[in-house]
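Survey of secondary and tertiary structure
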Amino acid sequence: MPTLTRPAAFWLVGGVLALFMAAAAAPSPLYVVYQSELGFSALTLTLVFGVYSLALLVALVTVGSVSDHVGRRPVLVGALLAGAAAMVLFLLPAATGWLLAARSLQGLATGAVLGAVSATLVDLAPPGNPRLAAMVTSTATSGGLVLGALGAGLLVEYAPGPTRTVFVVLLVAFVLLAVGVLAVGETVEKMVGAWASLRPVISFPSRIRPQVLALLPCLVATWALGGFYLSLGPSVAASVLGVSNHLVGGAVIAALNVPGVAAALWLRDADAHRAMSGGSTVFALGVGATVGGVALGSTWGFLLGTGVAGLGFGAAILGVFRVLGELADPRERAGLFAAAYVMSYLAYSAPAVVAGLAVTQVGLRTTALGFGGTVAALAVLSLLLSGRTRTRGVVAGSPG
């Protein structure tokens with residue numbers, strides 16, 4: 001098979017990341033359908049969602065750096081084939097056990113591919129434009145989530161086989177990209193230490209612990225809201241707001257992520273601390289407006305508040321990760337970012353599962369209002385603590 005040119009390989013690998021994110025978001029508009037067909041509770045729904053993040057974390061802290069040793073291409077191809085296998089599990093007769101298995105395998109594949117994709121994009125980025133890799137990583141991640149949520153919502157609403165068609169499309173895409181990656185030239189030489197690299201290593205430098213802890217409310221608030229929208233957002237639209245069109249379930253997720261992408265692009269050169277504090281402010285206001293929309297039963301109020309929260313969401317996350325880059329010395333950054341991602345994905349999944357349990361006790365509307373209020377309070381706390389993230393003598397820079 002002929003080898004792709006460097007630019008073609010770069011954009012194909014960017015497409016791999018977008019595909020994994022689209023597949024991650026695709027089940028969200030289907031959760032309402034599964035609830036109706038299988039009769040499982042909101043708690044079961046959020047467990048199906050949460051097991052994905054748990055599996056992703058396991059893969060992230062074990063095989064996340066293995067491509068440094070065995071090469072990028074084997075990891076990319078293996079993860080794509082595992083992603084394809086997960087789509088096959090989604091196509092089996094709908095049952096809670098199969099859904100848990102599919103999401104678990106999907107999480108493992110995604111966690112395995114994240115490190116390899118990011119590294120390959122850096123490897124293949126144009127020498128004169130090193131920031132392009134970070135830009136593609138950011139836009140492919142959020143853009144893929146939007147594409148998956150809206151595409152799935154569209155297919156669920158209008159295509160035959162609402163719980164199958166989307167996974168057939170994704171299965172074909174995974175197989176085609178696996179074949180395409182075979183034509184990507186290897187960018188690193190194999191080296192010893194592959195087995196040793198599987199040992200989880202999470203570092204958290206004690207000298208910057210107060211500053212990192214000050215970032216925690218912002219991380220928890222933003223990622224928790226993202227997890228809530230991907231798990232229960234379509235259910236809120238259907239049950240609380242009375243919107244039965246499944247495309248709206250995808251639109252709810254897009255309403256959070258599209259403004260987030262726009263904010264990140266707009267503020268890409270802004271001061272990290274200002275981006276984080278300003279983002280936290282806008283985020284809190286947007287979540288407050290979203291809660292108001294739910295309380296009043298207003299779909300437009302809910303979507304408008306979500307859009308405002310999305311702007312703050314993108315700015316705050318951008319600021320947090322840039323501040324982390326400034327806090328750590330170069331040799332500490334990989335471990336610090338790994339720890340940050342662990343905290344982020346825990347915030348992404350655990351509160352959503354707790355919300356699912358709360359729904360069974362107090363109902364979806366009350367849970368949504370309480371969850372929104374808690375997230376808004378965390379954003380305000382993040383704003384109050386933002387001054388503590390500034391230190392003297394830190395290394396300037398950003399994770400990208």
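The following refers to the structure shown. This one's a predicted model, so the numbers in the text were calculated from it and none came from an experiment. (Residues numbered from 1 in each chain as written. Predicted model: local features only at pLDDT ≥ 70, side-chain atom pairs only at ≥ 80, totals over all residues. Heavy atoms only, no water.)

1. Things to note about empty space enclosed by the protein
The full count for this structure, using the stated rule, is 1 cavity of 30 Å³ or more. In this structure, the largest cavity spans a volume of roughly 140 Å³. Together, 15 residues line the largest cavity, and Phe 228, Tyr 229, Thr 290, Phe 302 and Ala 368 are the ones closest to its centre. Residue assignment for the lining of the largest cavity shows that the elements contributing at least two residues are helix H9 (209-240), helix H11 (272-296), helix H12 (299-327) and helix H14 (364-385). (1 Å grid on protein atoms, 1.4 Å probe; cavity = no way out; pocket = protein on both sides within 12 Å on 5 of 7 lines; lining within 4 Å. Points joined across faces, edges and corners; volume = space filled by probe spheres on them. Helix = DSSP H or I, 4+ residues; strand = E, 2+ residues; numbered from the N terminus.)

2. Here's the deal with the layout of surface pockets
Volume-wise, the second largest pocket comes out at about 200 Å³. If you go around the second largest pocket, the residues you meet are Ala 18, Leu 19, Ala 22, Ala 26, Leu 147, Gly 148, Gly 151, Ala 152, Leu 155, Val 166, Val 169 and Leu 170. Elements with a minimum of two residues in the lining of the second largest pocket: helix H1 (6-25), helix H7 (132-158) and helix H8 (165-181). In terms of residue count, H7 provides more of the lining of the second largest pocket than any other element does, 5 residues in total.

3. So, the nonpolar core
Counting 111 residues, the largest nonpolar core has Val 16, Phe 20, Leu 80, Phe 167 and Phe 283 as its most contacted members. In terms of residue count, the dominant contributor to this core is H9 (15 residues). (Core = buried A, V, L, I, M, F, W, Y, C linked by side-chain atoms within 4.5 Å. Buried < 20%, exposed > 50% of the residue type's maximum accessible area, 1.4 Å probe, protein only.)

4. Focus on the side chain of Asn 257
With respect to the helices and strands, Asn 257 occurs in helix H10 (residues 246-266). A polar side-chain atom of Asn 257 sits 3.0 Å from the main-chain carbonyl oxygen of Ile 253. Filtering out sequence-adjacent residues up to four positions away, Asn 257 remains in contact with Ser 142, Leu 145, Val 146 and Phe 313. (Polar contact = N/O pair within 3.5 Å; in protein donor to acceptor, adjacent residues only side chain to side chain. Contact = heavy atoms within 4.5 Å.)

5. Concerning H1
Over its 20 residues, H1 extends 29 Å from the first C-alpha to the last, a length consistent with the 28 Å expected when each residue adds 1.5 Å. Buried residues dominate H1, accounting for 14 of its 20 residues. (Expected span 1.5 Å × (residues − 1).)

6. Points about the packing of aromatic side chains
Under the counting rule described, the total for this entry stands at 8 aromatic pairs. With centroids separated by 6.1 Å and ring planes inclined at 80 degrees, the aromatic side chains of Trp 223 and Tyr 348 adopt a geometry described as edge-to-face. Of the two residues, Trp 223 sits in helix H9 while Tyr 348 sits in helix H13 (residues 333-362), which places them 125 residues apart along the sequence. Looking at Trp 223, the relative accessible area reads 13%, which means it is buried. An angle of 80 degrees between the planes, with centres 5.6 Å apart, marks the rings of Tyr 345 and Tyr 348 as edge-to-face. With a gap of 3 residues between them, Tyr 345 and Tyr 348 both fall in helix H13, about one helical turn apart. You'll find Tyr 345 and Tyr 348 in the same group, each marked buried. (Phe/Tyr/Trp six-rings, centres within 6.5 Å; stacked < 30°, edge-to-face > 60°.)

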